[in-house]
Amino acid sequence: MSSSSRDASSTLRRRRAISQYTGTLIEKIRETWDTHTLHFKLDGPFDFKPGQFVMVKPTINGRTINRAYSISSPPTIKDYIALTVRLGGTYTVSKYLNEVIQVGDQLPIRGPYGKFYWEEGMSDTIFMIAAGSGITPFRSMVQYVLHKNIDVQMKVMYTCRYVKEIICRKMWKGYNKKYPNLDVILTVTREKPENWEGHLGRIDHNLLQKEVKGFEDGLFYICGAPPFVESMITLLKEVGIAEDRIKHEDW
Ligand SMILES: Cc1cc2nc3c(=O)[nH]c(=O)nc-3n(C[C@H](O)[C@H](O)[C@H](O)COP(=O)(O)OP(=O)(O)OC[C@H]3O[C@@H](n4cnc5c(N)ncnc54)[C@H](O)[C@@H]3O)c2cc1C
């Protein structure tokens, strides 16, 4: 087969893998004051890689709107996919998913999409940097590695403005204690809470220089708002990480 027909057939395979589903909301969990995790049961088999996203298509006030959401559950969970949605933008679909949709309601969901993923064999270490709702694809990646007991070293650096904004704080704390191959560093930038177990202040050159030790040859993932992602790419390059080791997604 010529390389162009090989390319065409692999594009076709990729296209075929993206399908349209009806998702039924089976559980809605409040994570923080402005964020919920929603479990959708899909009406067919769905395969994805940890880190990928889906498009949801609710009809709100008679208008059908498309929005992207990363899958926050791992592919090892087959019964449902989780989306973790924070109120944002001008509160259109994010408000609908946080405040309007109820258990039993149905939504068109299409996917999976995206090249921002990690799967077994890609690297021996995974260094993940998230801000705000940018933690969602990393929940999927981390749980995938833990469920499959894959022998990789992981580090998550997760920054929020306030403690109350940290998504799954208890879960991250528990994971930190339980799994020797996972190190979670939480950092808050706008307050100095008492008895705080994490870091204070923004992720800067000095902190990264210290934390990347031992991870230099692995893969780096960044997810958050565009200015945050840009600044983390710059800092990682400054501390010596090669550009082709850095993957990023922003919204
Ligand atoms: C790959 C990816 C993954 C994401 N994952 C998550 C996640 O896990 N959790 C999460 O909380 N958010 C996630 N988002 C952000 C999410 O898609 C929404 O932008 C966010 O929820 C706000 O949507 P909204 O409808 O409430 O706000 P809106 O302000 O109505 O819309 C937000 C954005 O959608 C675009 N938009 C608005 N209107 C239109 C239109 N008519 N046509 C096309 N585009 C339009 C604009 O870029 C706008 O900034 C992700 C985004 C991307 C791209």
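As the structure is a computational prediction, the values presented were derived from the model and not from experiment.

How each quantity is defined
Residues numbered from 1 in each chain as written. Predicted model: local features only at pLDDT ≥ 70, side-chain atom pairs only at ≥ 80, totals over all residues. Pairing = 2+ DSSP bridges. Helix = DSSP H or I, 4+ residues; strand = E, 2+ residues; numbered from the N terminus. Axes fitted to C-alpha atoms, helices over the stretch in contact; angles between N-to-C directions. Near = placed C-beta within 6 Å. Nonpolar A, V, L, I, M, F, W, Y, C, P; charged D, E, K, R; others polar. Domains from an automatic or database assignment. Contact = placed C-beta atoms within 7 Å.

K.L.:
It is not clear to me how the sheet that holds strand E6 (residues 67–70) should be interpreted in this structure. Could you clarify?
P.N.:
For sheets, the rule is that strands pair by backbone hydrogen bonds, running either parallel or antiparallel. Here we have six strands laid out as an open sheet, ordered E6-E3-E8-E1-E2-E7, and antiparallel in their pairing. Each having just a single partner strand, E6 and strand E7 (81–86) make up the two edges of the open sheet. Averaged over all pairs of adjacent strands, the angle between their axes in this sheet comes to 40°, without regard to strand direction. Alignment of strand E1 (residues 19–32) against strand E2 (residues 35–42), held across eight bridges, turns out to be antiparallel. The residue of E2 that forms the bridge with Ile 29 is Thr 37.

K.L.:
For this particular structure, what's the right way to read the sheet that holds strand E14 (residues 246–250)?
P.N.:
Ordered in space as E12-E11-E10-E9-E13-E14, the six strands form an open sheet in which the pairing is parallel. This sheet does not close on itself; its edge strands, each paired only once, are strand E12 (199–200) and E14. Pairing between strand E13 (residues 219–224) and E14: five bridges, direction parallel. The partner of Ile 222 across the bridge, within E14, is His 248.

K.L.:
Just to check I follow, could you spell out the site of the ligand for this structure?
P.N.:
The ligand sits among 20 residues. The nearest are Gly 89, Thr 92, Val 93, Ser 94 and Trp 251. Per-element tally for the shell around the ligand: the top contributor is E6, with four residues. Of the residues belonging to the shell around the ligand, the class tally is seven nonpolar, nine polar and four charged. Mapping the shell around the ligand onto the domain boundaries places at least three of its residues in each of domain 1 (3–113) and domain 2 (125–250).

K.L.:
I'm lost on the domain arrangement of the protein in this one. Help?
P.N.:
How big an interface is tends to be expressed through the accessible area that disappears when the partners come together. Each assigned domain of the protein is listed here: domain 1 (3–113) and domain 2 (125–250). When each unit is reduced to the centre of its C-alpha atoms, the spacing between domain 1 and domain 2 is 23 Å. Contacts between domain 1 and domain 2 engage 16 residues on the former and 15 residues on the latter. Counting only elements with at least two residues in the side of domain 1 that touches domain 2, the list comes to E1 and E7. Counted by class, the side of domain 1 that touches domain 2 contains five nonpolar, nine polar and two charged residues.

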